Amino acid sequence: MGTVKAPARTVRIVRPPNADGVGVFCLEIDGACQFYTFLEIRCDIGGRGFAVHRLGQGDLYHVRVGRPEDTACECMGFLRWDRCKHIAALAALIKKGELPPRS
Ligand SMILES: [Zn+2]
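Figured I'd write up the structure that's included with this text. A quick note: this is a predicted structure, and the numbers were derived from the prediction, not measured.

Quick look at the sheet that holds strand β2 (residues 22-29) now. The strand order β1-β2-β3-β4-β5 describes an open sheet built from 5 strands, whose pairing is antiparallel. Each end of this open sheet is capped by a strand with a single partner; those strands are β1 (9-15) and β5 (60-65). Averaged over all adjacent pairs, the angle separating strand axes in this sheet is 35°, with direction ignored. Across the sheet, helix α2 (residues 85-95) is in contact with β1, β2, β3 (32-41), β4 (48-54) and β5; its angle to β5 comes to roughly 50°.

Let's shift gears to the coordination of the zinc ion. Here the zinc ion is held by the protein donor atoms Cys 73 (SG), Cys 75 (SG), Cys 84 (SG) and His 86 (ND1), which lie 2.0 to 2.3 Å from it. Between consecutive donors of the zinc ion, the numbers of intervening residues give the motif C-x1-C-x8-C-x1-H. For the pair Cys 73 and Cys 75, one class covers both residues: buried.

With that out of the way, let us pick up the nonpolar core. In this structure, Phe 25, Leu 27, Phe 50, Val 52, Val 63, Cys 73 and Leu 90 are the most contacted members of the largest nonpolar core, which totals 20 residues. Broken down by element, this core gets its largest block of residues, 4 residues, from α2. Contacts of Val 63, omitting those with residues within four sequence positions, involve Arg 48, Gly 49, Phe 50, Val 52, Ala 72, Cys 73, His 86, Ile 87 and Leu 90.

Scanning all chains against the criterion turns up 1 disulfide. Disulfide pairing is shown between Cys 26 and Cys 33; the S-S distance is 2.4 Å. Measuring handedness by torsion sign, the sulfur bridge of Cys 26 and Cys 33 sits at about -80° and is left-handed. In this structure Cys 26 comes out as buried when scored by relative accessible area, which is 0%. By relative accessible area, Cys 33 is classed as partly exposed at 35%. Lacking any disulfide linkage, Cys 43 is separated from the closest cysteine sulfur, that of Cys 73, by 13 Å.

In this structure the tally under the stated criterion is 2 aromatic pairs. Relative to Tyr 36, the ring of Phe 25 has its centre 5.3 Å away and its plane inclined at 20°; by these criteria the two rings are stacked. Separated by 11 residues along the polypeptide, Phe 25 in strand β2 and Tyr 36 in strand β3 bring together distant segments of the chain. Tyr 36 shares its class with Phe 25; the two are buried. Summarising the aromatic geometry, the rings of Phe 25 and Phe 38 are spaced 5.6 Å apart at their centres and angled 35° between planes, so their arrangement reads as tilted. Of this pair, Phe 25 sits in strand β2 while Phe 38 sits in strand β3, and the two are 13 residues apart along the sequence. Summarising the burial analysis for this pair, Phe 25 and Phe 38 share the class buried. In textbook terms, an aromatic cluster arises when at least three aromatic residues are bridged by ring pairs, as seen for Phe 25, Tyr 36 and Phe 38.

Definitions and cut-offs
Residues numbered from 1 in each chain as written. Predicted model: local features only at pLDDT ≥ 70, side-chain atom pairs only at ≥ 80, totals over all residues. Heavy atoms only, no water. Pairing = 2+ DSSP bridges. Helix = DSSP H or I, 4+ residues; strand = E, 2+ residues; numbered from the N terminus. Axes fitted to C-alpha atoms, helices over the stretch in contact; angles between N-to-C directions. Contact = heavy atoms within 4.5 Å. Donors = N, O, S within 2.8 Å, 3.2 Å for Na, K, Ca; no water. Buried < 20%, exposed > 50% of the residue type's maximum accessible area, 1.4 Å probe, protein only. Core = buried A, V, L, I, M, F, W, Y, C linked by side-chain atoms within 4.5 Å. Disulfide = S-S within 2.5 Å. Phe/Tyr/Trp six-rings, centres within 6.5 Å; stacked < 30°, edge-to-face > 60°.

Here it is, written out as structure tokens:
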């Protein structure tokens, strides 16, 4: 029985949100960088809402980050596993204090 090593992931802000609230973060998985644009959007049903779009690809996901019951994403990973890299990336940035709530 071998152990499966989780891929090494780091996330960092590449471009902080501009006046329109649009920023870019980089999700690095095993050394490969994926760039996402993100925009915090109004969320009235719990948690913080973000629209996340991987640069160069068409997919746009609406992600909610917060308590477990307030956490959701529209991607296939979340549908299958109840967790995904989009939520993990945003939660990590919030935890590091790099996504302060907009006033
Ligand atoms: Zn997702």
